[in-house]
Amino acid sequence: MLVSKSLIPILKNNPTEAKIKSHQLMLRAGMIRQSSAGIYSWLPLGFKVMKKIEKIVREEQDRIGAQELLMPTIQSSEIWKESGRYDDYGEEMLRIKDRQGREMLYGPTNEELITEIFRSSIKSYKSLPQLLYHIQWKFRDELRPRFGIMRCREFYMKDAYSFDLNDEEAKFSYNKFYLSYLKTFKRLDLSAIPMAADTGPIGGNLSHEFIILADTGESKIFTDKRIFEVNSDGYKLEKKSLEELRKKFETYYSVTDEKYNKSEFEKNVPEEHRLVTKGIEVGHIFYFGDKYSKPLNAAVDFQAGKKDFVKMGSYGVGVSRLVGAIIEAKYNDKDEIMKWPLAVSPYDIAIIPLVSKNETLNVEKANSIYNFLKEKNIDVILDDTEENFSSKLKKFNLIGIPYQILIGKKFDGNLLEFKEIGKETQHLSLNQISDLIIKQKSKI
Ligand code: 5CA
């Protein structure tokens with residue numbers, strides 16, 4: 001992409017309405033634009049980041065055998081009346097009437113709709129387990145949308161649902177998602193910790209929130225610091241292995257606000273390991289047995305010719321919220337510099353040449369580097385504008401693309417000035433640079 005042809009509306013100053021770093025940066029770097037309270041357009045730069053996050057989330061769902069489908073954003077009220085949540089959900093649900101006067105709604109979540117799909121398609125225990133997911137927009141009419149896309153009204157979520165014959169199998173499904181979440185967040189270069197959590201309007205009695213530490217987070221957490229050292233590598237998609245993984249995390253007391261119990265915390269966590277702080281909830285998983293399958297009559301035949309209601313869980317990742325959460329985790333406050341993990345960066349590398357009327361050679365050189373990198377399938381952006389060099393650098397430090405090639409006055413045509421944000425400049429050949437990026441990308 002050429003900067004001269006791109007839609008990246010950079011703002012010079014922090015907009016006053018933005019209170020936290022991620023909101024400020026996303027507005028300043030032209031990643032999003034508010035369309036009305038809590039509702040945003042995703043501009044090209046922000047959209048690219050979100051799509052890269054989505055891809056990683058999807059790959060890790062597929063890896064545990066979940067099947068992707070796509071349910072609509074608009075749902076009929078009928079199934080919500082069947083489950084009893086039509087009234088319970090209250091004002092957070094956006095209710096709409098179609099031209100026939102039918103009551104519709106913009107889905108805040110999909111337990112009812114997926115259960116309806118399940119009950120009309122699956123009749124026998126032999127088709128279990130079913131792990132199904134989609135990645136779709138949701139709408140919740142939050143009373144106080146805030147912090148940009150972190151708590152907004154329309155947001156992009158991966159929601160998955162599991163259907164099993166009994167509690168034991170259902171817990172196995174739950175643990176598969178538990179593992180897949182640890183892997184997903186690790187690939188996003190985030191340290192997200194599972195914490196025992198409340199189930200709220202989704203229901204059930206077993207639940208974990210996956211939380212990353214951030215002062216600007218809205219979740220208060222009480223935890224044993226040692227949980228951050230737990231290594232989640234090497235576990236298999238087998239019952240025993242996954243139970244061990246959960247046990248390992250659960251050795252350490254770690255809960256959100258609603259589950260906090262002072263005496264348990266003090267009894268279980270030695271004083272020097274106690275951590276009371278704030279975090280951002282990037283994922284939330286629930287086990288709720290037959291809470292939906294019973295009222296919606298989702299049952300399967302099992303061996304003896306008898307029927308039973310299936311046991312269900314649901315599993316959410318805030319795909320759009322993750323864009324902001326990664327900024328909160330990676331932004332360097334001291335130097336006011338952003339650096340995206342390569343896995344989700346809007347571009348892999350930026351070419352930043354000094355361009356002026358008498359520096360035409362730089363433009364030629366920059367173009368040939370640009371074409372070379374594009375041929376290697378490296379996602380590259382070239383700042384071909386005549387903006388002065390130092391403001392170009394400032395702009396790219398704000399946008400946070402991890403690698404830069406700088407072509408200034410001293411450029412001698414051989415080795416290039418290559419800079420990884422936050423590190424010293426190196427002099428490398430173009431081949432060395434492309435090899436380095438290709439190698440880094442292969443690790444994602
Ligand atoms: N049906 C269940 C699991 S699929 C569910 O809806 N869970 S949830 O309510 O916890 O949402 C899942 C994830 O969506 C949260 O962990 C959070 O990361 C994200 N999320 C929830 N509400 C918002 C919001 N208002 N703005 C941005 N992201 C949100």
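Reading guide: rules and limits
- Along every chain, residues carry numbers that run from 1 in the direction the sequence is written.
- Confidence filtering applies because this is a predicted model: local features only for residues at pLDDT of at least 70, side-chain atom pairs given and counted only at 80 or more, and all residues used for totals across whole chains, interfaces and linings.
- Side-chain measures were taken over the full set of non-hydrogen atoms in the model, leaving aside hydrogen atoms and water.
- We call a residue buried when its accessible area falls under 20% of the maximum for its residue type, exposed when it is over 50%, and partly exposed in between, using a 1.4 Å probe and counting protein chains only.
- Segments assigned H or I by DSSP are reported as helices when at least four residues long, segments assigned E as strands when at least two residues long, and all are numbered from the N terminus.
- Here the rule is simple: two strands pair whenever DSSP picks up at least two bridges between them.
- Here a residue is near a molecule or strand as soon as one of its heavy atoms is found within 4 Å of it.
- For this analysis, a polar contact is any N or O atom pair within 3.5 Å, provided that within protein one partner can donate a hydrogen and the other can accept it, and provided that sequence-adjacent residues contribute only side-chain to side-chain pairs.
- Computed with the Shrake-Rupley method and a 1.4 Å probe, the accessible areas treat only the protein chains shown as cover for residues.
- Of the grid points, spaced at 1 Å and generated over the protein atoms alone, those admitting a 1.4 Å probe that cannot get out make up cavities, while open sets with protein on both sides within 12 Å along at least five of seven lines make up pockets; any residue with an atom within 4 Å of a point is treated as lining.
- Each molecule is assigned to a cavity or pocket provided more than half of its atoms lie within 2 Å of the corresponding grid points.
- Following the grouping adopted for this structure description, the nonpolar residues are Ala, Val, Leu, Ile, Met, Phe, Trp, Tyr, Cys and Pro, the charged ones are Asp, Glu, Lys and Arg, and the polar ones are all others, Gly among them.
- Nonpolar cores are built from buried Ala, Val, Leu, Ile, Met, Phe, Trp, Tyr and Cys residues. Side-chain atoms within 4.5 Å join them into one set.
- Contacts are residue-level and defined by heavy atoms, with any inter-residue pair within 4.5 Å sufficient.
- A fitted line through C-alpha atoms serves as each axis, taken over the contacting stretch for helices, and the angle formed by two N-to-C directions is quoted from 0 to 180°.
- Oblique is the label for any angle not under 35 degrees, not over 145, and not in the 65 to 115 range, which are roughly parallel, roughly antiparallel and roughly perpendicular in turn.
- By the definition used in this description, the sense in which the near helix is turned from the far one sets the handedness, with an anticlockwise turn below a right angle giving left-handed and a clockwise turn giving right-handed.

Some details on the pairing of strand β16 (residues 311-318)
Step number 1: The buried fraction of β16 amounts to eight of the eight residues, a majority that puts the element mostly inside the structure.
Step number 2: Alternating residues of β16 divide into K311, G313, Y315 and V317 and M312, S314, G316 and G318, and every residue in both groups is buried.
Step number 3: Pairing between strand β8 (residues 154-164) and β16: eight bridges, direction antiparallel. Paired with S162 across the strands is G313, a residue of β16.
Step number 4: Summarising the sheet, strand β13 (residues 274-289) and β16 pair through six bridges and their orientation is antiparallel.

A look at the site of the ligand
Step number 1: Among the 22 residues in the neighbourhood of the ligand, the closest are listed as T109, E111, R140, C152 and E281.
Step number 2: At a separation of 3.4 Å, a nitrogen atom of the ligand approaches a polar backbone atom of M150.
Step number 3: One of the backbone nitrogen or oxygen atoms of C152 is found 2.9 Å away from a nitrogen atom of the ligand.
Step number 4: Relative to its unbound accessible area of 600 Å², the ligand is 96% covered by the protein chains.
Step number 5: In a pocket analysis with a 2 Å cut-off to the grid points, the ligand is assigned to the largest pocket.
Step number 6: Breaking the shell around the ligand down by element, the ones donating at least two residues are β8, β13 and β16.
Step number 7: Tallying contributions element by element places β13 first for the shell around the ligand, with five residues.
Step number 8: Residues belonging to the shell around the ligand are distributed by class as follows: nine nonpolar, six polar and seven charged.

With respect to the nonpolar core
Step number 1: Formed by 82 residues in total, the largest nonpolar core has its most connected members in I53 and F185.
Step number 2: In terms of residue count, helix α6 (residues 167-187) provides more of this core than any other element does, nine residues in total.
Step number 3: Apart from residues no more than four positions distant in its own chain, I53 is found in contact with L188, V319, L322, V323, I326 and V344.
Step number 4: By size, the runner-up hydrophobic cluster in this structure holds 24 residues, among which are Y89, F118, F163 and I202.

A word on the sheet that holds strand β20 (residues 416-420)
Step number 1: Taken together, the five strands give an open sheet; going across it, the order is β18-β17-β19-β20-β21, and neighbouring strands pair in mixed fashion. Taken across any chain shown, the strands that pair with only one partner, and hence form the sheet edges, are β18 (380-382) and β21 (425-428). Each strand of the sheet is rotated relative to its neighbour by a mean of 25 degrees, with strand direction disregarded.
Step number 2: Bridge count between strand β19 (residues 403-407) and β20: four bridges; the pairing is antiparallel. Paired with L406 across the two strands is E417, which belongs to β20.
Step number 3: Here helix α11 (residues 389-399) sits on the sheet in contact with β17 (349-353), β18 and β19, set at roughly 170 degrees to β17.
Step number 4: Lying over the sheet, helix α12 (residues 430-442) contacts β17, β19, β20 and β21, oriented at roughly 165 degrees with respect to β19.

Brief notes about the environment of S120
Step number 1: With respect to the helices and strands, S120 occurs in helix α5 (residues 111-121).
Step number 2: Under the relative-accessibility criterion, S120 is labelled partly exposed at 49%.
Step number 3: Linking S120 and A298, residues 178 residues apart in sequence, is a C-alpha distance of 8.3 Å.
Step number 4: Here E116 takes part through its backbone oxygen, which lies 3.1 Å from a polar atom of the side chain of S120.

What about the packing of helix α2 (residues 44-63) against helix α9 (residues 319-330)?
Step number 1: Following both chains from N to C, one finds α2 and α9 inclined at 115 degrees, their axes separated by 9 Å at the closest point. Relative to α9, the element α2 lies roughly perpendicular. Like other packed secondary-structure pairs, α2 and α9 cross with a definite hand, here right-handed. The residues of α9 that touch α2, namely those facing V49, M50, I53 and E54, are V319, S320, L322, V323 and I326.

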